[in-house]
Amino acid sequence: MFNIYRHFLNGTPEYLARHYWWAYLWSKGVWFFDHQPIINAILFGQYKKLMKSTLARLNNSSREDTLQLTCVYGELTPKLQEAVAPEPLHLADVAMVQLELARSKSPGNMPLLAARMNAEQLAYKDDSFSTIVLFFLLHELPARARTNVYGECMRVLKPGGRLLITEYGPLPKNHLLYRIAPIRWLITKLEPFLDGFWHEDIASSLNEHGISHGKKALNIWQEDIFGGFYRVTQYTVESRDG
Ligand SMILES: C[S@@+](CC[C@H](N)C(=O)[O-])C[C@H]1O[C@@H](n2cnc3c(N)ncnc32)[C@H](O)[C@@H]1O
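Residues numbered from 1 in each chain as written. Predicted model: local features only at pLDDT ≥ 70, side-chain atom pairs only at ≥ 80, totals over all residues. Heavy atoms only, no water.

(A) Representation of the site of the ligand. Tyr15, Tyr24, Thr70, Asp93 and Ala119 are the nearest of the 21 residues found near the ligand. Contacts to the ligand include Tyr15, whose side-chain N or O atom sits 2.8 Å from a nitrogen atom. Contact between the ligand and Val94: a nitrogen atom at 3.2 Å from a main-chain N or O atom of the residue. Relative to its unbound accessible surface of 600 Å², the ligand loses 95% to contact with the protein. A class-by-class count of the residues in the shell around the ligand yields 15 nonpolar, three polar and three charged. (Near = heavy atom within 4 Å. Polar contact = N/O pair within 3.5 Å; in protein donor to acceptor, adjacent residues only side chain to side chain. Areas by Shrake-Rupley, 256 points an atom, 1.4 Å probe, with all protein chains shown as cover. Nonpolar A, V, L, I, M, F, W, Y, C, P; charged D, E, K, R; others polar.)

Here you go:
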């Protein structure tokens, strides 16, 4: 019974199968979670605001070479496709069931270049992308995987490129949801890596990993949402000698 996750260890990282098989890998779970009211409930009613803020950053800017790093439930992928059209949207995820779901929602006239890949070790060459969008991925990764993803983002982003991260904010000590112990318990039970993420300084981690690629990341814009419980942040990645 407790080893049910092993059934989902099909080229997927161990943490993903162990902690999230029911949410991302099990077809019935995938069907269940991909409903607007469920997605919105998980994000305490903030889904539309988070998506709107993320998409707004793509207006009036380069549409070429955009990567959505991992799939998400809801409408983000088709909206991103619209935002970058007529350029294709690149999408990478390690779970076939998620890539198939994304493909099923893709508007037929807009190209989606979906590929099965581990975000910790991307099969893209250095300096491939002008934009990378990470929507609620990082808090679901253990520390080592987060580290690897920061490194890969710094490697595959072109100098001058941008990284959009939509995520939980830093440790929300004063937020009501954090102060109500049973809610805090439930959130951290369902999201076992969130506490580590809450304590992490994203800019420092990106810069630590940028060194070996000769790049640095600057936080150029941030919007706090839901009293700072969530945030949308834009980093620009530059060459260290530029
Ligand atoms: C973006 S995250 C969370 C999304 C958010 N909860 C939502 O749906 O709105 C979930 C996705 O990340 C993918 N994922 C997790 N770890 C990964 C990894 N190391 N490489 C590629 N995809 C990964 C899962 O397969 C899943 O599709």
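(B) Summary view of the environment of Gly45. In this structure, Gly45 sits in the loop between α3 (36–42) and α4 (47–56). Considered as a pair, Gly45 and Lys158 are 113 residues apart in the sequence and their alpha carbons are 35 Å apart. (Helix = DSSP H or I, 4+ residues; strand = E, 2+ residues; numbered from the N terminus.)

(C) Quick look at the sheet that holds strand β3 (residues 112–116). Taken in spatial order, the seven strands line up as β3-β2-β1-β4-β5-β7-β6 in an open sheet, and their pairing is mixed. Taken across any chain shown, the strands that pair with only one partner, and hence form the sheet edges, are β3 and β6 (215–225). Each neighbouring strand pair of the sheet contributes to a mean axis angle of 20°, computed without reference to strand direction. As paired strands, strand β4 (residues 129–135) and strand β5 (residues 157–168) are joined by six bridges and run parallel to one another. Counted as the bridge partner of Val133 is Leu164 from β5. Against the sheet, helix α5 (residues 76–84) touches β1 (66–69), β2 (89–93), β3 and β4, its axis set at about 150° to β2. (Pairing = 2+ DSSP bridges. Axes fitted to C-alpha atoms, helices over the stretch in contact; angles between N-to-C directions. Contact = heavy atoms within 4.5 Å.)

(D) Summary view of the packing of aromatic side chains. One pass over the structure, following the stated rule, counts 20 aromatic pairs. Centroid distance Phe135 to Phe136: 5.2 Å. Interplanar angle 75°. Geometry classified as edge-to-face. Here Phe135 matches Phe136 in class, with each residue buried. Between Phe136 and Tyr168, the ring centres sit 5.8 Å apart and the planes meet at 90°, which makes this aromatic pair edge-to-face. You can see Phe136 sitting in the loop between β4 and α7 (143–156) and its partner Tyr168 sitting in strand β5, a full 32 residues away along the chain. Among the aromatic residues, those joined into a cluster by ring pairs are Phe44, Phe135, Phe136, Tyr168, Phe226, Phe229 and Tyr230. Here the basic side chain of Arg57 rests over the ring of Trp221, its NZ or CZ set 3.8 Å away from the ring centre. In this structure, Arg184 packs its charged tip against the face of Tyr178, placed 4.8 Å from the ring centre. (Phe/Tyr/Trp six-rings, centres within 6.5 Å; stacked < 30°, edge-to-face > 60°. Buried < 20%, exposed > 50% of the residue type's maximum accessible area, 1.4 Å probe, protein only. Lys NZ or Arg CZ within 6 Å of the ring centre and 35° of its normal.)

(E) Spatial organisation of the environment of Val84. For Val84, the location among the structural elements is in helix α5. On the basis of relative accessible area, Val84 is assigned to the buried category, the value being 1%. For the pair Val84 and Asp65, spaced 19 residues apart in sequence, the C-alpha to C-alpha distance is 8.9 Å. With sequence-adjacent residues up to four places away left out, Val84 is seen in contact with Arg63, Thr66 and Leu89.

The quantities given are spatial measurements derived from coordinates; they are silent on function.
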